[in-house]
Amino acid sequence: MKYFTLSELTRSDTADRLGLENIPSAAHRAHLEELASTLLDPLREAWTAFCAENNLGDPAIRISSGYRCAALNRAVGGAPRSAHTAGLAADLVPVNGRMKAFGMFCREWVAGVAFDQLISEGESDEGIPRWIHLGLRSLAGEQRCEKLRMRRGCYFPME
């Protein structure tokens, strides 16, 4: 993993607050490493170039949610079959605060890669997400290349 650490991909304020041990198994760690090397690191490199070209500032990306043990996934209201529970997805927020630009960038960037889901989560009426969910594979091993937006608790295909 070039830009992300196992600690970043497993850290959870909710787990800390509730006293949950969010410790991935060896298989989950392998998935997290694959997620980082296949999607997250290449995304970060492309975002770095985009930020430099457009004077957007710091290109770092914060993982707001990565791996979630079953108890943590329930505590945060995650889908029962969430790819987070296998270490196959991460929720991303750009450190520079450019969520609208980051969301649009991610939508275009995934066109050239194999992935399962890109979800622009918690979008405002202006289309600005609270975070971007990026999944490598579903729990069934699928790479559906789904691009969705979530607004007011409902999911819609991206145009």
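Refer to the structure printed above.
Here's what I pulled together on the structure shown here. Nothing here was measured: the structure is a model prediction, and the numbers come from that model.

Conventions adopted
- Residues numbered from 1 in each chain as written.
- Predicted model: local features only at pLDDT ≥ 70, side-chain atom pairs only at ≥ 80, totals over all residues.
- Heavy atoms only, no water.
- Pairing = 2+ DSSP bridges.
- Helix = DSSP H or I, 4+ residues; strand = E, 2+ residues; numbered from the N terminus.
- Axes fitted to C-alpha atoms, helices over the stretch in contact; angles between N-to-C directions.
- Contact = heavy atoms within 4.5 Å.
- Core = buried A, V, L, I, M, F, W, Y, C linked by side-chain atoms within 4.5 Å.
- Buried < 20%, exposed > 50% of the residue type's maximum accessible area, 1.4 Å probe, protein only.
- Expected span 1.5 Å × (residues − 1).
- Bend = angle between axes of the 7 residues up to and from the residue.
- Salt bridge = Lys/Arg side-chain N within 4 Å of Asp/Glu carboxyl O.

### Notes on the sheet that holds strand 5 (residues 146-151)
Working step 1: Within the open sheet, the six strands sit side by side as 1-2-4-3-5-6. Their pairing is mixed. Taken across any chain shown, the strands that pair with only one partner, and hence form the sheet edges, are strand 1 (61-65) and strand 6 (154-157). The average angle at which neighbouring strand axes cross in this sheet is 30 degrees, direction not considered.
Working step 2: By the bridge criterion, four bridges tie strand 3 (residues 117-121) to strand 5 in an arrangement that is parallel. Among the inter-strand pairings, Ser120 is bridged to a residue of strand 5, identified as Arg149.
Working step 3: In the packing of helix 3 (residues 26-53) onto the sheet, contacts are made with strand 1, strand 2 (89-94) and strand 4 (131-135), and the angle to strand 2 comes to roughly 15 degrees.
Working step 4: Against the sheet, helix 5 (residues 99-109) makes contact with strand 1, strand 2, strand 3, strand 4 and strand 5, and its axis sits at roughly 20 degrees relative to strand 4, the strand it touches most.

### Description of the nonpolar core
Working step 1: Ranked by internal contacts, the top residues of the largest apolar core, which has 35 residues, are Leu40, Leu43, Leu92, Phe102, Leu118 and Leu134.
Working step 2: Elements with a minimum of two residues in this core: helix 3, strand 1, strand 2, helix 5 and strand 4.
Working step 3: Those residues in contact with Leu92 that lie beyond four places of it in its chain are Leu40, Leu43, Ile61, Arg62, Ile63, Ser64, Met99, Phe102, Trp131, Ile132 and Leu134.

### Observations concerning helix 3
Residues spaced three or four apart along an α-helix face the same direction, because each turn holds 3.6 residues.
Working step 1: For helix 3, which comprises 28 residues, the first-to-last C-alpha distance of 39 Å matches the rise-based estimate of 40 Å (1.5 Å per residue) to within 8%.
Working step 2: At Ala36, helix 3 shows its largest bend, some 45 degrees.
Working step 3: Each element contacted by the buried residues of helix 3 is listed here: helix 1 (6-10), strand 1, strand 2, helix 5 and strand 4.
Working step 4: Once helix 3 finishes, Asn55 follows within two positions and takes phi at roughly 50 degrees, a positive value.

### Looking at the pattern of salt bridges
Working step 1: Summed over the entire model, instances satisfying the criterion amount to eleven salt bridges.
Working step 2: Where Arg68 meets Asp91, a salt bridge forms, and the shortest distance between an N and an O atom there is 3.5 Å. Here Arg68, found in the loop between strand 1 and helix 4 (70-75), pairs with Asp91, found in strand 2; they are 23 residues apart in sequence, far enough to count as distant.
Working step 3: The buried category is assigned to Arg68, whose relative accessible area is 9%.

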